[in-house]
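Chain residues, written in single-letter form:
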Amino acid sequence: MKTGIPKEIQNNETRVAIVPKLINQLLKKSNEVFVETNAGSSSFFSDKSYEEAGAKIIGVAKTLYEQADLILKVQPPTLAEVEMMKNNGTFIGFLYPLANKEVVKLMIDKKITSFAMEFVPRISRAQSMDALSSMASIAGYKAVLLAATSLGKFFPLLMTAAGTIPPSKVLILGAGVAGLQAIATAKRLGAKVEAFDTRPAVREQVESLGASFLEMELVKDAETVGGYAKEMSAEFIRKEHEIIGKSLSKSDAVITTAQVFGKKAPALITETMVKEMREGSVIVDLAAEQGGNCELTEAGKTVVKHGVTIVGAINLPATLPVDASQMYSKNITTLFSDLYKAESFNFEDEIVKGACITHNGNFINEFVSKNI
Ligand code: NAD
């Protein structure tokens with residue numbers, strides 16, 4: 001088998017699917033590993049470091065795609081990239097099939113077997129393959145740094161000869177992987193942190209990080225079997241607005257991370273609520289690409305509305321390309337080793353069945369085949 005790692009072509013994508021130190025993992029099951037020229041340059045991994053790790057550098061993307069039986073990527077491929085892939089080849093990377101229907105249909109036509117990183121089941125055995133979690137963790141960390149640099153205030157309490165500066169108040173909405181990392185980061189910077197989530201199980205995790213949990217009566221069956229949040233009723237969201245609103249008007253920085261799998265992100269901060277916020281306060285909206293948790297968020301832009309800076313953050317993991325690539329590489333090589341442990345893919349296995357989107361001209365993942 002020949003494995004190929006192309007350079008990512010999406011705008012502002014700085015990550016690479018495999019870092020040099022993990023090329024050896026691929027060589028255990030691949031006869032050759034091809035890396036496109038400069039594939040790692042935006043994450044500071046040189047062509048030379050890939051060669052030293054045993055990969056062969058290929059100058060032209062088309063040549064790499066045509067020769068490789070397996071393609072490993074970060075971003076979903078474009079139609080043009082799938083065109084270049086071998087018929088009956090294999091792809092592993094983020095895929096977002098419902099947002100990339102033409103791409104997956106072409107994969108069906110070309111009988112390409114595709115595995116989507118975002119569909120790896122979130123079970124204990126698959127923890128080291130969980131790219132959603134590793135990337136969310138980076139986003140949560142970076143969101144707090146963005147908030148801190150956009151805010152005209154210190155995060156920590158400072159006692160100086162020039163007076164005492166009180167700590168900033170930070171509110172985190174949604175305390176999943178990104179939210180918990182945001183809490184931990186804001187605490188490390190010395191802020192006073194409050195958080196809220198619809199899943200009752202999260203309260204303890206929030207409190208163990210030293211933040212306080214906003215009081216609101218929660219719904220008992222707020223999460224799915226897979227641990228994701230269920231969509232809340234309009235009545236719940238209305239009450240949530242009241243609770244959040246009280247804390248919002250006292251907060252200096254707000255990080256929003258709330259998502260409901262397969263749905264538009266819940267609108268947790270309305271324009272009226274923004275108007276009640278302090279002048280100079282900051283919202284960093286990590287759900288910007290899913291419609292935003294704040295009504296005024298513009299994905300990919302930083303805007304100032306009613307005196308509040310609103311950061312519509314997208315692809316924050318690409319702003320930390322070295323660690324993001326290392327973590328993603330670990331996730332994808334672990335999945336790779338699991339998939340290729342036998343002669344052929346074992347479709348009885350929960351991970352294979354869950355992560356596989358297309359195989360031999362058919363859709364495999366149940367959710368995707370029902371919803372595409
Ligand atoms: P996510 O990105 O889908 O959502 C972020 C958070 O937003 C979640 O905590 C969710 O409860 C919250 N949310 C949704 N609607 C909200 C609302 N109206 N108001 C406030 N908050 C709201 O979530 P995620 O970070 O990907 O994690 C989802 C779940 O998966 C968690 O239970 C996590 O523990 C679990 N998980 C399990 C594993 C594993 O077992 N291997 C790995 C990672 C995550």
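Rules used in this analysis
- Residues numbered from 1 in each chain as written.
- Predicted model: local features only at pLDDT ≥ 70, side-chain atom pairs only at ≥ 80, totals over all residues.
- Heavy atoms only, no water.
- Helix = DSSP H or I, 4+ residues; strand = E, 2+ residues; numbered from the N terminus.
- Rg over C-alpha atoms; globule rule 2.2 N^0.38 Å.
- Contact = heavy atoms within 4.5 Å.
- Areas by Shrake-Rupley, 256 points an atom, 1.4 Å probe, with all protein chains shown as cover.
- Lys, Arg positive; Asp, Glu negative; His and termini not counted.
- Charge placed at Lys NZ, Arg CZ, Asp CG, Glu CD.
- Salt bridge = Lys/Arg side-chain N within 4 Å of Asp/Glu carboxyl O.
- Buried < 20%, exposed > 50% of the residue type's maximum accessible area, 1.4 Å probe, protein only.
- Near = heavy atom within 4 Å.
- Polar contact = N/O pair within 3.5 Å; in protein donor to acceptor, adjacent residues only side chain to side chain.
- Nonpolar A, V, L, I, M, F, W, Y, C, P; charged D, E, K, R; others polar.
- Axes fitted to C-alpha atoms, helices over the stretch in contact; angles between N-to-C directions.
- Parallel < 35°, antiparallel > 145°, perpendicular 65-115°, else oblique.
- Left-handed = near helix turned anticlockwise from the far one by under 90°.
- Patch = residues over 30% accessible without salt bridge, like charges linked within 9 Å, V, L, I, M, F, W, Y side chains within 5 Å.

Asks: It is not clear to me how the overall build of the chain should be interpreted in this structure. Could you clarify?
Replies: Of the regular secondary structure elements, the chain holds 13 helices and 17 strands. In terms of C-alpha radius of gyration, the chain reaches 22 Å, essentially the compact-globule figure of 21 Å for 372 residues. In terms of principal-axis extent, the alpha carbons of the chain reach across some 65 × 45 × 35 Å. A sequence separation of at least 24 residues applies to 64% of the contacts in the chain between residues at least 6 apart. Of the roughly 16800 Å² of accessible surface on the chain, 52% is carried by carbon and sulfur atoms. Computed over 41 positive and 42 negative side-chain charges, the inter-centroid distance for the chain is 2 Å.

Asks: Please clarify how the pattern of salt bridges should be interpreted in this entry.
Replies: Where charged atoms of side chains with opposite charge meet at close range, the side chains can pair. A full pass over the atoms with the stated rule returns 22 salt bridges. Among the ionic pairs, D349 bridges to R125, the shortest N-O distance being 3.2 Å. You can see D349 sitting in the loop between α11 (321-339) and α12 (350-355) and its partner R125 sitting in the loop between β6 (113-116) and α6 (131-150), a full 224 residues away along the chain. For D349, a relative accessible area of 13% gives the class buried. Between D197 and R199 there is a salt bridge whose closest N-O contact spans 3.8 Å.

Asks: Hey, could you run me through the site of the ligand in this one?
Replies: As a matter of local geometry, the ligand sits amid 23 residues, with R122, V177, D197, R199 and E240 nearest to it. Contact between the ligand and R199: an oxygen atom at 2.6 Å from a side-chain N or O atom of the residue. A distance of 3.4 Å separates an oxygen atom of the ligand from a polar atom in the backbone of Q259. Protein contacts shield 85% of the accessible area of the ligand, which totals 840 Å² for the unbound molecule. Among the residues forming the shell around the ligand, the class breakdown is 10 nonpolar, eight polar and five charged.

Asks: Would you mind going over the packing of α6 against α11 with me for this structure?
Replies: Packed helix pairs are specified by the crossing angle of their axes together with the interaxial distance, meaning the distance between the axes. At a minimum axis separation of 9 Å, α6 and α11 run at an interaxial angle of 165 degrees. Looking at the two axes, α6 sits roughly antiparallel to α11. With respect to the hand of their crossing, α6 and α11 are arranged in right-handed fashion. Contact residues: α6 offers A131, S134, M135 and I138, while α11 offers D323, A324, M327, Y328 and N331. Of the residues belonging to the contact of α6 with α11, the class tally is six nonpolar, two polar and one charged.

Asks: In this structure, what is going on with a nonpolar patch on the surface? I would like to understand it.
Replies: Among the surface-exposed residues, L98, F261 and F367 lie close enough to one another that they form a single nonpolar patch of about 240 Å² accessible area. Mapped onto the secondary structure, F367 falls in helix α13 (residues 366-371). With a relative accessible area of 33%, F367 lands in the partly exposed category.

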